[in-house]
Amino acid sequence: MRLLLLFAFPREVREVLRSAGRRERIDGFPFTAFRILHPSHNLIAADTGLGVENSARVCRHLVRLERPDAVLSLGYCGALSPEASVGDLIWGTDVCLIDGQTIKTLTLREDRGLLEKLSLSLPLRAGTILTMRYWMKKGEIAKFVTPSMSLPVCDMETFATAWLCSQENLPFYALRAVSDGAGTDLAFDPWKVCDNKGTYRIARALRFFLTRPRLLSHAMELRRNSRMASRRLDMAVNSLLQIL
């Protein structure tokens, strides 16, 4: 099966796919992508960078070039409900795009059988993924959350790839691991540590935090949380690849 795996950050690719198989860098793309030597599937993993536009650009490029059988959006998310804790795995059933004062909703193709099979091997819950076109604090996102949304979480990439796949009539799955609980908000705009393509740059991050030492403990907490989220996501991706 030809599968396209999309992540927002290099660390997600490196830590989540460490047990999926040996990686080979693909040259010639205007973004970072790898072929994963998996025994059962033809896998391409790509680092889309942060944000709606970047994820759409990378997904469009690879969908047209590789024409996968399915696309998987993988990575971290922030909890918007106290029912979700760090490390929890969320299977997207609906995705919403918050753009200014408007919200657009897309219901993902239902595959209850796949979700049920995956739930047998690890704790996994269905949820609504709210994607922000621009970075927002959780208090600002909260006004878009409705009682009908199941276990809402937030990110900055999923909606764009889900929308593109719906237009291309491609199966699309979104699997996210919570890296910050509902009571924790990012104390800084993540674009501050990324370049204009949304790629995390360690030099930018070091400059940013060294001039704001009060944020260092917050950054270290996020790093610890993301390690736990990565471990859970690694388990989930391997289980999913066995089922597909």
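All of these numbers come straight from a predicted model, not from anything done at the bench.

A. Quick look at the overall build of the protein chain. Helices and strands together make up the secondary structure of the protein chain, namely 7 helices and 10 strands. Overall, the protein chain is about 45 × 40 × 30 Å in size when its C-alpha atoms are taken along their principal axes. Sequence-distant contacts, at least 24 apart, represent 75% of the contacts inside the protein chain between residues at least 6 apart. In the structure as shown, the protein chain presents an accessible area of about 11,400 Å², 52% of it carried by carbon and sulfur atoms. With 34 positive and 25 negative side-chain charges, the protein chain shows a spacing of 5 Å between the two charge centroids.

B. Expanded view of empty space enclosed by the protein. Counted by the stated rule, this structure contains 2 cavities of 30 Å³ or more. Counted as a void, the largest cavity has a volume near 60 Å³. Considering only enclosed or pocket space, the second largest cavity measures out at about 40 Å³ in volume. Considering the residues around the second largest cavity, the lining is formed by Leu6, Phe7, Ala8, Thr48, Ser55, Ser73, Glu157, Thr161 and Arg176. Partitioning the lining of the second largest cavity into residue classes produces 3 nonpolar, 4 polar and 2 charged.

C. Just the layout of surface pockets, in detail. In this structure, the largest pocket encloses a volume near 1,100 Å³. Taken together, 40 residues line the largest pocket, and the ones lying closest to its centre are Phe9, Phe188, Val193, Tyr200 and Leu222. Elements that contribute at least two residues to the lining of the largest pocket include exactly helix H1 (10-16), strand S5 (70-79), helix H4 (138-141), strand S9 (153-155), strand S10 (172-180), helix H6 (202-210) and helix H7 (216-243). In terms of residue count, H7 provides more of the lining of the largest pocket than any other element does, 6 residues in total. A class-by-class count of the residues in the lining of the largest pocket yields 27 nonpolar, 3 polar and 10 charged. Lining the second largest pocket we find 14 residues, and of these Phe31, Thr32, Asp47, Thr199 and Arg201 sit closest to its centre. Taken together, the residues of the lining of the second largest pocket break down into 5 nonpolar, 4 polar and 5 charged.

D. Local environment of the pairing of S5. With respect to burial, S5 is a largely interior element, 10 of its 10 residues being buried. Here strand S1 (residues 2-7) runs beside S5; their pairing, made up of 4 bridges, is parallel. From the neighbouring strand, Leu6 faces S5, where its bridge partner is Ser73. By the bridge criterion, 8 bridges tie S5 to S10 in an arrangement that is parallel. Along S10, the bridge assignment pairs Gly78 with Asp180.

E. Here's a closer look at the packing of helix H3 (residues 112-121) against H7. Contact pair H3 / H7: the axes reach a minimum separation of 10 Å and the direction vectors enclose 130 degrees. The pairing of H3 with H7 is recorded here as oblique in orientation. In this structure, H3 crosses over H7, and the sense of that crossing is right-handed. For the pair H3 and H7, contact is made by Leu114, Lys117, Leu118 and Ser121 and by Ala236, Ser239, Leu240 and Ile243, respectively.

F. A look at a nonpolar patch on the surface. Residues Tyr200, Ile202, Leu206 and Leu210 make up a contiguous nonpolar surface patch of roughly 440 Å² in combined accessible area. For Ile202, the position within the fold is in helix H6.

G. Spatial organisation of the nonpolar core. Grouped together as the largest cluster of nonpolar side chains are 35 residues, with contacts concentrated most on Leu6, Leu62 and Val71. Listing elements by their share of this core, those giving two or more residues are S1, strand S4 (42-47), helix H2 (52-66), S5, strand S6 (89-99), helix H5 (158-168) and S10. Per-element accounting of this core gives the leading share, 6 residues, to H2. Discounting residues that sit within four places of it in the chain, Leu62 has contacts with Leu4, Leu6, Phe29, Phe31, Ile44, Ala46, Arg67 and Pro68. In terms of nonpolar packing, the next biggest core, distinct from the first, is built from 31 residues, Leu5, Val16, Leu72 and Trp91 among them.

Scoring rules and cut-offs
Residues numbered from 1 in each chain as written. Predicted model: local features only at pLDDT ≥ 70, side-chain atom pairs only at ≥ 80, totals over all residues. Heavy atoms only, no water. Helix = DSSP H or I, 4+ residues; strand = E, 2+ residues; numbered from the N terminus. Contact = heavy atoms within 4.5 Å. Areas by Shrake-Rupley, 256 points an atom, 1.4 Å probe, with all protein chains shown as cover. Lys, Arg positive; Asp, Glu negative; His and termini not counted. Charge placed at Lys NZ, Arg CZ, Asp CG, Glu CD. 1 Å grid on protein atoms, 1.4 Å probe; cavity = no way out; pocket = protein on both sides within 12 Å on 5 of 7 lines; lining within 4 Å. Points joined across faces, edges and corners; volume = space filled by probe spheres on them. Nonpolar A, V, L, I, M, F, W, Y, C, P; charged D, E, K, R; others polar. Buried < 20%, exposed > 50% of the residue type's maximum accessible area, 1.4 Å probe, protein only. Pairing = 2+ DSSP bridges. Axes fitted to C-alpha atoms, helices over the stretch in contact; angles between N-to-C directions. Parallel < 35°, antiparallel > 145°, perpendicular 65-115°, else oblique. Left-handed = near helix turned anticlockwise from the far one by under 90°. Patch = residues over 30% accessible without salt bridge, like charges linked within 9 Å, V, L, I, M, F, W, Y side chains within 5 Å. Salt bridge = Lys/Arg side-chain N within 4 Å of Asp/Glu carboxyl O. Core = buried A, V, L, I, M, F, W, Y, C linked by side-chain atoms within 4.5 Å.

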